[in-house]
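# Fold and contact review
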Amino acid sequence: MQATSASSSNPNPQLIQRAQQGDGGAVSWLYAQYQTSVFRYLYYRTGDRGVAEDLTSDVFLRMLRALPHYRIQAAPFQAWLFQIARNLATDYFRQSRQDESLSEALEAPGLTPEAAAEQALTTERLRQALAGLGAEQREALIMRFVLKFSLEQTAQALGKSEDAIKGLQRRGLSALRQALGAEDQKAEVYDDR
Amino acid sequence: MTDEKPLDEKRLDDQLETGLKALENGQPAGEVNLPAESAGLKPLVHLAAGIRDLPHPEPSVESANALHARLAAEVRRPAPGKAGRLNVRWLWAAGLAGAGALFLCAFVLLAAGGLWWLGPLDARTVTLADVSGLVEAAPAGNDRWQAVENGDHLGAGQRIRTATDATAKLVFFDGTRTILGGGAEVILTRLGGRWGDVLQAEVTQQAGGVQYEVVPFSNRNGQFRVQTPAGLASVHGTVFQVWVEAQGQAFFTVDRGAVVVENADQQVNLAAGQATVSRTDAAPDAPSYRFSLSDRLAAVEGEVWTVGQVSFRVTAETVVAGDPQVGDLILAQGRMLTADDWVADHIALAEETAAEFQFTGVVQAMDAEAWEINGVTVLVNEVTEVDGDLALGDTALVIYTVLEGDRWLALNIEKLESAEEGEVPGTPSADCTGSDPQPTAQKLAQQYGVTYEEIMGWFCQGYGFGEIDLAYGLSQESGWAVADIFALRQQNLGWGEIKRRVRQTPTATLPVATLPVATLPVTVTLTATVTPTRTPTPALTATLPTATLPVTLTVTPSPTLSVTLTATPAITPTLSATQTALCTGADPQPKGQDLAAQYGVSYEEIMGWFCQGFGFGEIDLAYSLSVQSGKPVAEIFALKQGGMGWGEIKKLLQDQAKPKDKDKKKDK
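This report concerns the structure included in the present document. Computed from a predicted structure; not experimentally measured.

What counts and what doesn't
- Residues numbered from 1 in each chain as written.
- Chains lettered and ligands numbered in written order.
- Predicted model: local features only at pLDDT ≥ 70, side-chain atom pairs only at ≥ 80, totals over all residues.
- Heavy atoms only, no water.
- Helix = DSSP H or I, 4+ residues; strand = E, 2+ residues; numbered from the N terminus.
- Contact = heavy atoms within 4.5 Å.
- Areas by Shrake-Rupley, 256 points an atom, 1.4 Å probe, with all protein chains shown as cover.
- Buried < 20%, exposed > 50% of the residue type's maximum accessible area, 1.4 Å probe, protein only.
- Phe/Tyr/Trp six-rings, centres within 6.5 Å; stacked < 30°, edge-to-face > 60°.
- Expected span 1.5 Å × (residues − 1).
- Pairing = 2+ DSSP bridges.
- Salt bridge = Lys/Arg side-chain N within 4 Å of Asp/Glu carboxyl O.
- Buried area = accessible area lost by both parts, 1.4 Å probe.
- Axes fitted to C-alpha atoms, helices over the stretch in contact; angles between N-to-C directions.
- Left-handed = near helix turned anticlockwise from the far one by under 90°.
- Nonpolar A, V, L, I, M, F, W, Y, C, P; charged D, E, K, R; others polar.
- Core = buried A, V, L, I, M, F, W, Y, C linked by side-chain atoms within 4.5 Å.
- Parallel < 35°, antiparallel > 145°, perpendicular 65-115°, else oblique.

Before going further, it helps to spend a moment on the overall build of chain A. A count of helical and extended segments in chain A gives 10 helices and 0 strands. N-terminal to C-terminal, the α/β element order of chain A is α-α-α-α-α-α-α-α-α-α. Of the contacts made within chain A by residues no fewer than 6 positions apart, 60% connect residues no fewer than 24 positions apart. Working note: accessible area of chain A is about 7,700 Å², and carbon and sulfur atoms make up 46% of it.

Set out below in structure tokens:
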């Protein structure tokens, strides 16, 4: 039995304050609430379970150290936490000298478009197809559809307007569909490149 | 930056967002209405729905527990900067106010420290997380149910229930998690323990299915118990599930660790992979290994039901939810009383999901082509993924598929660990003086051929047995010294990073001259980096014994010189030496002949695939999948060549077959 992962939402200010004061229970709650989302975000960014688990550790340890300086007025907690995760992912790619966009982009295995379109979507195919997108589209799609963030939460986490996210998600889904080998004429009409 | 866009684009963005919003509100993708002008957005809505519904990866329980323990340790540690500032002020204040004030303030600090050690109230509450659907709580002794949400705290005596389609997670202060499935109800009977100490908790489970992930306790005071109408489960750090049925019986299954189940003054001990059933006023059944089958119900003949091609008994005590009919997707879970007698305990209609067959048991024989696990023979070949360092006598979870001819092929065999007490990283609690031998340490010492004291030495430095096992395993694999591997850990590197570093630069202790001579020559050029510098730098060329690629070599020519070599293969062979021999027209290969006869195709056809680089196990599986799915073998091999794993291919073919099955059913 597996509990479904509900979308994360921002904790109440009192809980944040308690965590800032070193309340272990509040820190535990933040960890339990966001651990899966942070891990999934990093998994789809890096494509490596081990790396994602290590970076998830780093995110929460960094969160703990930075919590006393966090101001709730400056940014919602979730957006702030994912900014830490984004920074660490960027550092990881810089230090490992890997190009995120070049990592194992999906290649259709010599199938007809119809056969490719019939292929079931799996997490591995999704990860490979996401790797072939631009960074902004990739992040927008991960947050909107993997982590199930609302439009507003995604905009906050990526520091963009909601309209910008709407555009990113439409173009990103089109590009993703193409990468998954299921692009058809109709969808091309809406791909504004 | 402005977000100005052409009007038509903005309209499309908005219309897509409206469709996505409908998805978020629970509308099925097929029912999302879009204006006629933007019907082309429908595939995007479907794709978004597909991504949302995927079973996205979860962090492992081990890494989650380790991180939680580390966070707890960090929280307990005072911030150094803060302490420093306090000290300066205090010295000044002490100078002015004298020893009395110093004593008073020290008392205040000590009192605060003491209170912290006693812990905040949260140590005696659980926190709700991952709430999905309607979840309610009621205080002890009344029925005033109120909806609860993420972040709410619940104390001892409170009751929690989930609607049939709801789930929720209860998080205890030490990271222990209780995950309530749909239709579950529990009471938090007891919540004890202190922050910085171990958990002492009891949950009364009245209905539904609940998964318990209990963080291993660091000392013997820890306790976690689950009371059901038909038995009590006591654990000491483990992952297990309990189902309580309306009829009162309870099912207990263990994924990791060990559980003691007691009822009617009798108790049974469940190890990882085992299950039992307990009924009101009766002793729990003897432990058995378990099975789980998820596929269409293929046949019902008396008490024998068949799912896929696997048969089991359904008895008067089997709980059957709903009214499954032949052709329905079902999930059947039960116990293997013997290798040939599988009895279902619980059957329910399942969601549209890929078929999966699995069972647990002890590894009794490990031959090259087949293993015997719990009396059941499963084929193993290049398709089989084996997780963990399995040996005879270990308990394993087998995920398998059924090939033509009723042969079972293991797709994945995973070692199930019986975690021992005291495995929390960084919190050694076993007696480090060695009074009571620690069984896990004894096992590890035997496994790696080192002394018990050596293993306990690492344990007493704060490493968990899981970490010690990993470090020794990596050491054997790579030639690195165990101490060097732990040194990386001390630099706060995660195990994922450590594995990567160690595997990238394995250190072989073979002298260069003893590198083996090839029978199938593949020449690689080795670039040497020597530390400390030696002139001239050795230029090395090695010939490898097999054509297994990719190749990375490290050689240490003398004990004082470390040489790191990176090998760049000059060719990428696709055939093994055996394959090369057979493909050049040697004697007929019996395995190829068997498969040709099995699937009614020519020997040359089988050997054609073999000569393209596929193993006989893969060919067997591909033909079997072809028979089951109706897909041409060539398409199945094309999927494999496209980079998909066999598990993925199997699921894909099953997914594609489903709508056709439905259509057939409708036609009937």
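Summing up its helical and strand segments, chain B has 15 helices and 31 strands in all. Counting only residues that meet the buried cut, chain B has 47% of its 668 residues in that class. Contacts in chain B between residues at least 24 apart in sequence constitute 54% of all its contacts with a sequence separation of at least 6. Element-wise, carbon and sulfur atoms account for 54% of the exposed surface of chain B, whose accessible area totals about 31,700 Å².

As a further point, take the environment of Q266(B). Residues and elements named next belong to chain B. Considering the arrangement of structural elements, one finds Q266 in strand β15 (residues 266–270). Among the residues examined, Q266 registers a relative accessible area of 45% and is labelled partly exposed. Q266 sits 18 residues away from P284 along the chain, and the two C-alpha atoms are 7.2 Å apart. Leave out the neighbours within four places in its chain, and Q266 touches V261, A283 and P284.

With that out of the way, let us pick up the packing of aromatic side chains. All names here are of chain B. Under the defined criterion, the tally for this structure stands at 27 aromatic pairs over all chains. A centroid spacing of 6.4 Å and a plane angle of 55 degrees characterise the contact between F359 and W408, whose relative ring orientation is tilted. Here the residue F359 occupies a position in strand β22 (residues 356–366), and W408 occupies one in strand β27 (residues 407–415), the gap between them amounting to 49 residues. Across this residue pair, the class does not change: F359 and W408 are buried. Aromatic rings pair up to connect F291, F312, W342, F357, F359, Y400 and W408 into one cluster.

Before going further, it helps to examine helix α13 (residues 616–629) of chain B. All names here are of chain B. Over its 14 residues, α13 runs 20 Å from end to end, which matches the ideal 20 Å to within 8%, given 1.5 Å per residue. Within α13, 11 of the 14 residues are buried, which leaves the element mostly enclosed by the surrounding structure. Among the residues of α13, those classed as buried are F616, G617, E618, I619, D620, L621, A622, Y623, S624, L625 and S626. Remark: G630 follows α13 within two positions and exhibits a positive phi of approximately 85 degrees.

Most peptide bonds take the trans configuration, and most residues that are not glycine carry a negative phi. Unlike most non-glycine residues, K148(A) shows phi in positive territory, near 60 degrees. In this structure, K148(A) sits in the loop between α7 (135–146) and α8 (151–158). In this model, D130(B) sits at a positive phi of 50 degrees, which is unusual for a non-glycine residue. Within the fold, D130(B) resides in strand β1 (residues 125–132).

For a regular strand, side chains alternate in direction, first toward one face of the sheet and then toward the other. Residue and element names in this part refer to chain B. Pairing geometry for β22 and strand β23 (residues 370–373), over 3 bridges, is antiparallel. Paired with A365 across the strands is E372, a residue of β23. Counted between consecutive antiparallel strands, the loop separating β22 from β23 contains 3 residues. With 4 bridges connecting them, β23 and strand β24 (residues 376–379) associate as antiparallel partners. Residue pairing across strands places W371 opposite V378, the latter belonging to β24. Count of turn residues in the β23/β24 antiparallel hairpin: 2 residues, of which N374 carries a positive phi of about 55 degrees.

Residue and element names in this part refer to chain B. Across the 7 residues that make up strand β13 (residues 250–256), a large majority, 6, are buried. Pairing of strand β12 (residues 239–244) with β13 involves 6 bridges; the strand directions are antiparallel. Residue V244 lies in a different strand from β13, and its bridge partner there is A250. Hairpin connection from β12 to β13: 5 residues lie between these consecutive antiparallel strands, with G248 at a positive phi of about 105 degrees. Pairing analysis gives 4 bridges linking β13 to strand β16 (residues 274–278), with the strands arranged antiparallel. By the bridge assignment for β16, F252 is matched with T276.

This paragraph deals with the pattern of salt bridges. Counted according to the given criterion, the structure contains 31 salt bridges over all chains. A salt bridge links D14(B) to K166(A); its shortest N-O distance comes to 2.8 Å. Remark: K166(A) occurs in helix α9 (residues 162–179) and D14(B) occurs in helix α1 (residues 7–24); the pair is interchain, linking two chains. Residues joined in a network through salt bridges with shared partners are R279(B), D285(B), E317(B), R335(B) and D345(B).

All right, on to the interface of chain B and chain A then. Taken together, the contact pairs 73 residues of chain B with 69 residues of chain A. Between chain B and chain A the total buried area reaches about 6,400 Å² when both faces are included, carbon and sulfur atoms providing 61% of it. Taken together, chain B and chain A are joined by 7 salt bridges. By residue number, the principal contributor to the side of chain B that touches chain A is α1(B), which donates 9 residues.

What follows concerns the packing of helix α2 (residues 24–46) of chain A against helix α4 (residues 77–96) of chain A. Residues and elements named next belong to chain A. Interhelical geometry of α2 versus α4 gives an angle of 35 degrees and a closest axis separation of 11 Å. α2 and α4 meet at a crossing whose hand is right-handed. Seen from α2, the contacting residues are L30, Y34, S37, V38, Y41, L42, R45 and T46; seen from α4, they are F77, Q78, L81, F82, A85, R86, A89, T90, Y92 and F93. Residue composition of the contact of α2 with α4, by class: 12 nonpolar, 4 polar and 2 charged.

Next up on the list: the nonpolar core. Counting residues in hydrophobic clusters, the biggest one holds 76 residues, and the most contacted among them are V38(A), F60(A), F77(A), L173(A) and L176(A). For this core, the leading source of residues is α2(A), giving 12 residues. If near-sequence neighbours (up to four positions away) are discounted, L173(A) is found in contact with L141(A), F145(A), L16(B), L44(B), L47(B), A48(B) and I51(B). Grouped together as the second largest cluster of nonpolar side chains are 41 residues, L154(B), F172(B), F173(B) and F240(B) included.

Attention now moves to the packing of helix α11 (residues 590–599) of chain B against helix α12 (residues 603–610) of chain B. Residues and elements named next belong to chain B. Contact geometry for α11 and α12: axes closest at 8 Å, N-to-C directions at 120 degrees. Classified by the angle between their axes, α11 and α12 sit oblique to one another. Helix-helix and strand crossings are classified by hand; for α11 and α12 the assignment is right-handed. For the pair formed by α11 and α12, the contact residues are G592, Q593, L595 and A596 on the first element and Y603, I606 and M607 on the second.

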